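Letter by letter, the chains look like this.
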Amino acid sequence: MIKNPLLKFLFIISFIFSIITTKIFDLDKLLILSFLLSIFIFTYKIGFKNYLKKLLTLTPFILSFSIMLIFIKKETILEINFFNFVYFYLPLNILNFISIFSKSILSIALAITFIETTNFTQLICSLKFLKLPKELLNTILLIYRYFYVLLDEIKRMEIARDIRYFGGYFKRQIKVYSNIIGVLLLRSIEKSEKVYNAMKLRGYNGDISYIIDLKYEKKEIIIFIIFIIIFLTFKVI
C-alpha cells in the first residue's frame, strides 16, 4: 500500500497513462490492468457501496459519449487475440466503444480511489513538491476551502427568499434571482477582503505553508517501482 501522497499521485498518473495508451485491440491488457486496479482498491479498504455509488453516478455520462461510436459505420473487421488463447472478430466501431468505455471507467475508478484516500491539502503539498506554480496551487486551495462557505451563504439566501417569496410571474422570478446573484457577488467580494486581511495579519507573504510529512517507507518505493516496471512492460510487449 502506498501512503505517501506524492508517490500515490505519480502512481495514479502512470497508471492512467498506461490505460489510455493501450491499443484498442489489446483487450487482454485492459483486463490485466483492471485486475491490478482491483488489487489497488482492495489494499486501501474503501467502502464498496460508497465507491460503487460514485462510480455508477458517473457511468451514464461515460456511456452517453462512448455509445455514439457504435453508430459510426465501420466496415473494418479486426481479429482479437485474447491471451493467445481465444481468437474472435469484432467490427471496428464496436471495438472502439468497448475500448473507450473501459478506459474511461478504469481512469475514473483510479481518480475516485485517489480522492477517497488522499487529503486535498496533501495533494496540494505533493503538487508543490513537483514545483508547480505556487500562485496556482494557492488559488486552488483557497477555492476548495471557501467553496463550501459560499455554498452555505447560497443556502441561507435561498431560505430567506423562500420565506419572503409568495409566488409571482416569471418576470418577477427573474428579478428575484438577479438580485440574489448581485447580493452574492457583493458578499463574496466582502468575504474575500476580510479573509485576505486576516491572512495578512497572520504573516501571509504570498505563499501558504503546509505542515505535512512527505516521508516515505522503503516498501512504498519498492511497490511503486514494481508497478512502474509492469506498466513499462505493457508498452514494450
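This text follows the structure it describes.
Conventions and cut-offs
- Residues numbered from 1 in each chain as written.
- Predicted model: local features only at pLDDT ≥ 70, side-chain atom pairs only at ≥ 80, totals over all residues.
- Heavy atoms only, no water.
- Phe/Tyr/Trp six-rings, centres within 6.5 Å; stacked < 30°, edge-to-face > 60°.
- Helix = DSSP H or I, 4+ residues; strand = E, 2+ residues; numbered from the N terminus.
- Buried < 20%, exposed > 50% of the residue type's maximum accessible area, 1.4 Å probe, protein only.
- Expected span 1.5 Å × (residues − 1).
- Bend = angle between axes of the 7 residues up to and from the residue.
- Contact = heavy atoms within 4.5 Å.
- Salt bridge = Lys/Arg side-chain N within 4 Å of Asp/Glu carboxyl O.
- Patch = residues over 30% accessible without salt bridge, like charges linked within 9 Å, V, L, I, M, F, W, Y side chains within 5 Å.
- Areas by Shrake-Rupley, 256 points an atom, 1.4 Å probe, with all protein chains shown as cover.
- Axes fitted to C-alpha atoms, helices over the stretch in contact; angles between N-to-C directions.
- Parallel < 35°, antiparallel > 145°, perpendicular 65-115°, else oblique.
- Left-handed = near helix turned anticlockwise from the far one by under 90°.
- Nonpolar A, V, L, I, M, F, W, Y, C, P; charged D, E, K, R; others polar.
- Core = buried A, V, L, I, M, F, W, Y, C linked by side-chain atoms within 4.5 Å.

Enquirer: Honestly, the packing of aromatic side chains in this entry has me stumped. Any pointers?
Expert: In this description, an aromatic ring pair is defined by two values, namely the gap between the centres and the angle between the planes. Tallied over the entire structure, the rule returns four aromatic pairs. With 5.7 Å between their ring centres and 80 degrees between their planes, Phe11 and Phe15 make a pair best called edge-to-face. With a gap of four residues between them, Phe11 and Phe15 both fall in helix H1 (residues 5–20), about one helical turn apart. Residue classification places Phe11 among the buried positions, given a relative accessible area of 0%. A connected cluster of aromatic rings, assembled from ring pairs, spans Phe11, Phe15 and Phe227.

Enquirer: Explain helix H3 (residues 48–66) here, please?
Expert: Residues spaced three or four apart along an α-helix face the same direction, because each turn holds 3.6 residues. Taking 1.5 Å of rise per residue, the 19 residues of H3 would be expected to cover 27 Å, and the 25 Å separating its terminal C-alpha atoms lies within 8% of that figure. Most pronounced at Leu58, the bend in H3 amounts to some 30 degrees, and the proline Pro60 follows within four residues. Looking at H3, one finds that the buried residues are Tyr51, Leu55, Thr59, Ile62 and Ser66. Of the surrounding secondary structure, the elements contacted by the buried residues of H3 are helix H2 (27–43) and helix H4 (92–117).

Enquirer: Explain the pattern of salt bridges here, please?
Expert: In a structure, side chains of opposite charge can pair up when their charged atoms sit close to one another. Following the criterion strictly, the structure yields four salt bridges and no others. Ionic pairing is found between Lys194 and Glu190, a salt bridge with its closest N-O pair at 3.5 Å. Here Lys194 and its partner Glu190 are both found in helix H7 (residues 170–201), four residues apart, which amounts to about one turn of the helix. Where salt bridges share partners, they join Glu153, Arg156 and Arg187 into one cluster.

Enquirer: Explain a nonpolar patch on the surface to me, please; I cannot follow it from the model alone.
Expert: Side chains of Leu10, Phe129, Leu130, Leu132, Leu136 and Ile140 sit close together on the surface and give an oily, nonpolar patch of about 470 Å² of accessible area. By secondary structure assignment, the location of Leu132 is in the loop between helix H5 (120–129) and helix H6 (134–164).

Enquirer: Help me understand the environment of Pro91 in this model?
Expert: Mapping Pro91 onto the fold places it in strand E2 (residues 86–91). For the pair Pro91 and Ile77, spaced 14 residues apart in sequence, the C-alpha to C-alpha distance is 4.4 Å. If we skip the residues at most four places from it in the chain, Pro91 touches Thr76 and Ile77.

Enquirer: Is there a simple way to explain the side chain of Ser66 in this structure?
Expert: As for its position among the elements, Ser66 is in helix H3. Once you skip the residues sitting within four places of it in the chain, Ser66 turns out to touch Phe97, Ile100 and Phe101.

Enquirer: Just to check I follow, could you spell out the packing of H2 against H4 for this structure?
Expert: Pairs of packed helices are described in terms of their axes, by the angle between the two and the distance that separates them. The N-to-C vectors of H2 and H4 enclose an angle of 15 degrees; their axes lie 11 Å apart at closest approach. Between H2 and H4, the crossing angle belongs to the class labelled roughly parallel. Pair H2 / H4 crosses with left-handed handedness. Of the residues in H4, those touching H2 at Leu27, Leu30, Ser34, Leu37, Phe40 and Ile41 are Leu95, Ile98, Ser99, Ser102, Lys103, Leu106, Ala109, Leu110 and Thr113. Partitioning the contact of H2 with H4 into residue classes produces ten nonpolar, four polar and one charged.

Enquirer: For this particular structure, what's the right way to read the environment of Ser14?
Expert: Tracing the chain through its elements places Ser14 in helix H1. With a relative accessible area of 22%, Ser14 lands in the partly exposed category. Considering only alpha carbons, one finds Ser14 and Phe231, 217 residues apart in sequence, at a separation of 7.6 Å. Not counting chain neighbours up to four residues away, the residues in contact with Ser14 comprise Ile228 and Phe231.

Enquirer: Sorry if this is basic, but what is going on with the nonpolar core here?
Expert: Most often, soluble globular proteins keep nonpolar side chains buried together rather than apart. Counting residues in hydrophobic clusters, the biggest one holds 35 residues, and the most contacted among them are Phe11, Phe15, Leu33, Leu37, Phe40 and Leu110. Contributing elements (two or more residues each) for this core: H1, H2, H3, H4, H5, H6 and helix H8 (218–236). Ranked by residue count, the leading element in this core is H2, at seven residues.

Enquirer: Got a minute to help me understand the packing of H5 against H6 in this structure?
Expert: Running from amino to carboxyl end, H5 crosses H6 at an angle of 175 degrees, the nearest separation of the two axes being 10 Å. When the axis of H5 is compared with that of H6, the two are roughly antiparallel. Facing Phe120, Thr121, Ile124, Leu127 and Lys128 of H5, the residues of H6 in contact are Leu137, Ile140, Leu141 and Tyr144. Taken together, the residues of the contact of H5 with H6 sort by class into seven nonpolar, one polar and one charged.

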